[in-house]
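Listed below are the residues making up each chain.
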Amino acid sequence: MTPRPKTLLAMAPHVAGRLITAEVRERLVALADVDPALVAGDFADPRVAAALAEAEVLYTGWHCPPITAEVLAAAPRLRAIVHAAGSVKHHVTDACWRRGLLVSSAAAANAEPVAEYTLAAILFAGKRVPDIARLYRERRGPLDWQARFPAMGNYRRTVGVVGASRIGRRVIELLRPFALRVLVTDPYLRDDLGVPRVGLEELLAGSDIVTLHAPELPETRHLLDAGRLALMRDGATLINTARGSLVDHDALTAELTSGRLHAVLDHTDPEFLPPGSPLYDLPNVLLTPHIAGSLGGELARLADLALDELSRYARGLPFAHGVSAESLPHIA
């Protein structure tokens, strides 16, 4: 019989309420010795002290508090962290790596809805759907749409993917059935993704649609500055489902206010724009409030992947989606 490792849930209680559904709870208690009603939103909470002291695995989610050296001292039996979300950088500290903990992430599962959102944004941008929908709503009548948007359509459009991350790679896969030319740029890309790899400047100048999928790192801050944004074609669309810091916000605002570029922005800098931002009202900008990632029913995909990893751990198998300290400098 496969052993059931002692496990403690660690995340914000409201996250657990959405993530740990009845179906997830049933599988969780079958795989692990766990109290699904006990959620460590604060490791200093005396109510979780006994479970933390016995825990072999932390099943974490969004807003898990940092797992510091002090937390580890209170968890002498801890061997693994299974994260039912994306980045582990917010809670897995250097002390965890020094302890030699095994770490897994559901980032691969979270990549799927972001890639789906991006695919929809690309196809709608090429067809000029946001522009036409706005004009149709304003006019409430017919217009010669082809005359107004003579270049609209996705046939032989060029899409530039900035970042061969999990999401960037999935976007490239999802674009394969379409009659689109796809370019990719990534300084760390070593394998062949089946599309031309070019430099960032060449990609910006040669693409009708540019979609960002690079991680937020010191070296990627303002990756698209005023000079690089100026390289983009007139009428091109920028899609950002990565992080707002990748783009110089003031330079992008200037380009969008001029009407030269279009944008689909699920991330901005700051993340939630102030009420007076002109981007809310610009007709060439589609803003969404960080919804591309897993929400609603999509949370089940995160929970399922994390449960798969918990099952592998219980059976003595290596994680399929393990994270190492060495990989951190290049991932989100």
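See the structure printed just above.
Since we're looking at a predicted model, the values are computed, not measured.

(A) Fine view of helix α6 (residues 107-126). Taking 1.5 Å per residue, 20 residues should reach 28 Å; α6 reaches 28 Å between its end C-alpha atoms and fits that length. Of the residues one or two after α6, R128 is the one with positive phi, at around 60°.

(B) Spatial organisation of the packing of aromatic side chains. Here the structure, examined in full by the defined rule, presents 2 aromatic pairs. Consider the rings of Y136 and W145, whose centres lie 6.2 Å apart with planes at 90°: the pair is edge-to-face. The exposure class of W145 is partly exposed, given its relative accessible area of 21%.

(C) Broad picture of the sheet that holds strand β11 (residues 285-287). Sheet architecture is open: 6 strands sit in the order β7-β6-β8-β9-β10-β11, paired in parallel fashion. Both outer strands of the open sheet, β7 (181-185) and β11, are each paired with one neighbouring strand and no more. Pairs of neighbouring strands in the sheet enclose a mean axial angle of 15°, with direction left out of account. Where strand β10 (residues 262-265) lies against β11, 3 bridges are found, and the strand directions are parallel. By the bridge assignment for β11, V264 is matched with L286.

(D) Just the packing of helix α2 (residues 22-31) against helix α13 (residues 299-314), in detail. One can describe the packing of α2 onto α13 by two numbers: an axis separation of 10 Å at closest approach and a directional angle of 10°. Relative to α13, the element α2 is oriented roughly parallel. Packed against α2, whose contacting residues are V24, R27, L28 and L31, the element α13 presents A303, D304, L307, D308, L310 and S311 at the interface. The class makeup of the residues in the contact of α2 with α13 is 6 nonpolar, 1 polar and 3 charged.

(E) Just the nonpolar core, in detail. Core analysis: the largest hydrophobic core is formed by 29 residues, its most contacted members being L19 and Y59. Those elements that provide at least two residues to this core are α1 (13-19), α2, β2 (33-39), β3 (57-60), β4 (80-83) and α13. Looking at which element gives the most residues to this core, the answer is α13, with 8 residues. Excluding residues within four positions of it along the chain, L19 makes contact with M11, V24, Y59, A84, L299, L302 and A303.

Parameters and conventions
Residues numbered from 1 in each chain as written. Predicted model: local features only at pLDDT ≥ 70, side-chain atom pairs only at ≥ 80, totals over all residues. Heavy atoms only, no water. Helix = DSSP H or I, 4+ residues; strand = E, 2+ residues; numbered from the N terminus. Expected span 1.5 Å × (residues − 1). Phe/Tyr/Trp six-rings, centres within 6.5 Å; stacked < 30°, edge-to-face > 60°. Buried < 20%, exposed > 50% of the residue type's maximum accessible area, 1.4 Å probe, protein only. Pairing = 2+ DSSP bridges. Axes fitted to C-alpha atoms, helices over the stretch in contact; angles between N-to-C directions. Parallel < 35°, antiparallel > 145°, perpendicular 65-115°, else oblique. Contact = heavy atoms within 4.5 Å. Nonpolar A, V, L, I, M, F, W, Y, C, P; charged D, E, K, R; others polar. Core = buried A, V, L, I, M, F, W, Y, C linked by side-chain atoms within 4.5 Å.

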